[in-house]
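Read off the chains here:
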Amino acid sequence: MTTSAPDSVRLADTQLYRVTDVMSLLRMSRTVIYEQIRTGRLRSVKQGRARLITAQAIRDYIALLEKEAEEAA
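Definitions and limits used
Residues numbered from 1 in each chain as written. Predicted model: local features only at pLDDT ≥ 70, side-chain atom pairs only at ≥ 80, totals over all residues. Heavy atoms only, no water. Helix = DSSP H or I, 4+ residues; strand = E, 2+ residues; numbered from the N terminus. Buried < 20%, exposed > 50% of the residue type's maximum accessible area, 1.4 Å probe, protein only. Contact = heavy atoms within 4.5 Å. Polar contact = N/O pair within 3.5 Å; in protein donor to acceptor, adjacent residues only side chain to side chain.

> Which residues make up the environment of Arg-51, and what values go with them?
Here Arg-51 is to be found in strand β3 (residues 50-54). Arg-51 sits in the partly exposed class, given a relative accessible area of 28%. Taking the C-alpha atoms as reference points, Arg-51 and Tyr-34, separated by 17 residues in sequence, lie 9.7 Å from one another. Setting aside chain neighbours within four positions, we find Arg-51 in contact with Tyr-17, Arg-18, Val-19, Tyr-34, Ile-37, Ser-44, Val-45 and Lys-46. Polar side-chain contacts of Arg-51 include one of 2.9 Å to the side chain of Ser-44.

Encoded structure:
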């Protein structure tokens, strides 16, 4: 799998991640993850009561952060 994410945020073959997994991957708090979901910056899906984030949504979110960092520089 090829991604533009740094090695420390390399995504495994898993396609759906729980919020707790994304917290570890992105090194962000639960509150921040849910705020990013609420504002639409980090896309998620629901399966029953579980909130899940796709691997592609994580990649897109990292790309968004990189783009914003470049624009701020």
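So much for the structure itself; the text now carries on.
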